[in-house]
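Each chain, written out:
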Amino acid sequence: ENEQFYCRIVFHLLACVCVLRGGSRVLARPVSVSLFNRPEATVEQQALLPLSQSVVLSRSFQTSAVSRDIDTAAKFIGAGAATVGVAGSGAGIGTVFGSLIIGYARNPSLKQQLFSYAILGFALSEAMGLFCLMVAFLILFAM
């Protein structure tokens, strides 16, 4: 009977400490999580604690699984949005060579000059597509 009474008192004291330390967001998670996610202890404090508790106190900051999932989803959405520019590159290349055919049909004597302009337009349009692809890979793998 007395053991249960003391266990209840200890539990309520720990719950009060957790609420005071963490505010209202502590109420949404278990008491054990609130207790073990304390800031790092000093060397003197770790020396006074048992080994199992000092290991828990010296853990570094870790993001939650939900936060990592949101970050991963944001990466994929950003990479997909950056990849849309590759479709614009394809449309630009089609427009350049379509204009080359129309220009050649109108004036066949300018074949060489029109072709050099078309190659320049192709190179610039393709470069923009490659830049979009590079940004997509940077978002996926560098962040």
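A few points on the structure. (Residues numbered from 1 in each chain as written. Predicted model: local features only at pLDDT ≥ 70, side-chain atom pairs only at ≥ 80, totals over all residues. Heavy atoms only, no water.)

So, about helix H6 (residues 111-141). Across its 31 residues, H6 extends 44 Å between first and last C-alpha, which sits within 8% of the 45 Å expected from 1.5 Å per residue. Looking only at H6, the buried set comprises Ala118, Ser125, Gly129, Ala136 and Ile139. The secondary structure elements touched by the buried residues of H6 are helix H5 (65-106). (Helix = DSSP H or I, 4+ residues; strand = E, 2+ residues; numbered from the N terminus. Expected span 1.5 Å × (residues − 1). Buried < 20%, exposed > 50% of the residue type's maximum accessible area, 1.4 Å probe, protein only. Contact = heavy atoms within 4.5 Å.)

A few words on a nonpolar patch on the surface. Nonpolar side chains collect at one region of the surface, where Val86, Leu130, Leu133, Phe137 and Phe141 lie side by side and expose about 490 Å² of accessible area between them. With four residues, the single largest contributor to the nonpolar patch is H6. For phenylalanine 137, the location among the structural elements is in helix H6. (Patch = residues over 30% accessible without salt bridge, like charges linked within 9 Å, V, L, I, M, F, W, Y side chains within 5 Å. Areas by Shrake-Rupley, 256 points an atom, 1.4 Å probe, with all protein chains shown as cover. Salt bridge = Lys/Arg side-chain N within 4 Å of Asp/Glu carboxyl O.)

Next up on the list: the packing of H5 against H6. At a minimum axis separation of 7 Å, H5 and H6 run at an interaxial angle of 175°. When the axis of H5 is compared with that of H6, the two are roughly antiparallel. Class assignment of the residues belonging to the contact of H5 with H6 gives a composition of 19 nonpolar, nine polar and three charged. (Axes fitted to C-alpha atoms, helices over the stretch in contact; angles between N-to-C directions. Parallel < 35°, antiparallel > 145°, perpendicular 65-115°, else oblique. Nonpolar A, V, L, I, M, F, W, Y, C, P; charged D, E, K, R; others polar.)

Now for the packing of aromatic side chains. Aromatic rings in a pair are described by how distant their centres are and how their planes are angled relative to each other. Under the counting rule described, the total for this entry stands at two aromatic pairs. Taken together, a centroid distance of 5.9 Å and an interplanar angle of 55° make the contact between phenylalanine 97 and phenylalanine 122 tilted. Taken together, the residues span a long stretch of sequence, with phenylalanine 97 in helix H5 and phenylalanine 122 in helix H6 at a distance of 25 residues. Phenylalanine 122 sits in the partly exposed class, given a relative accessible area of 31%. Between phenylalanine 137 and phenylalanine 141 the ring centres are 6.2 Å apart and the planes differ by 20°, which places this aromatic pair in the stacked class. Linking phenylalanine 137 with phenylalanine 141, this pair stays in helix H6, spanning four residues, or about one helical turn. Judged by relative accessible area, phenylalanine 141 falls into the exposed class, the value being 67%. (Phe/Tyr/Trp six-rings, centres within 6.5 Å; stacked < 30°, edge-to-face > 60°.)

Looking now at H5. Between the first and last C-alpha of H5 there are 63 Å, a value that for 42 residues agrees with the 62 Å anticipated at 1.5 Å per step. Residues of H5 that are buried: Ala79, Ala82, Ser89, Ile93, Leu100 and Gly103. Buried residues in H5 make contact with H6.

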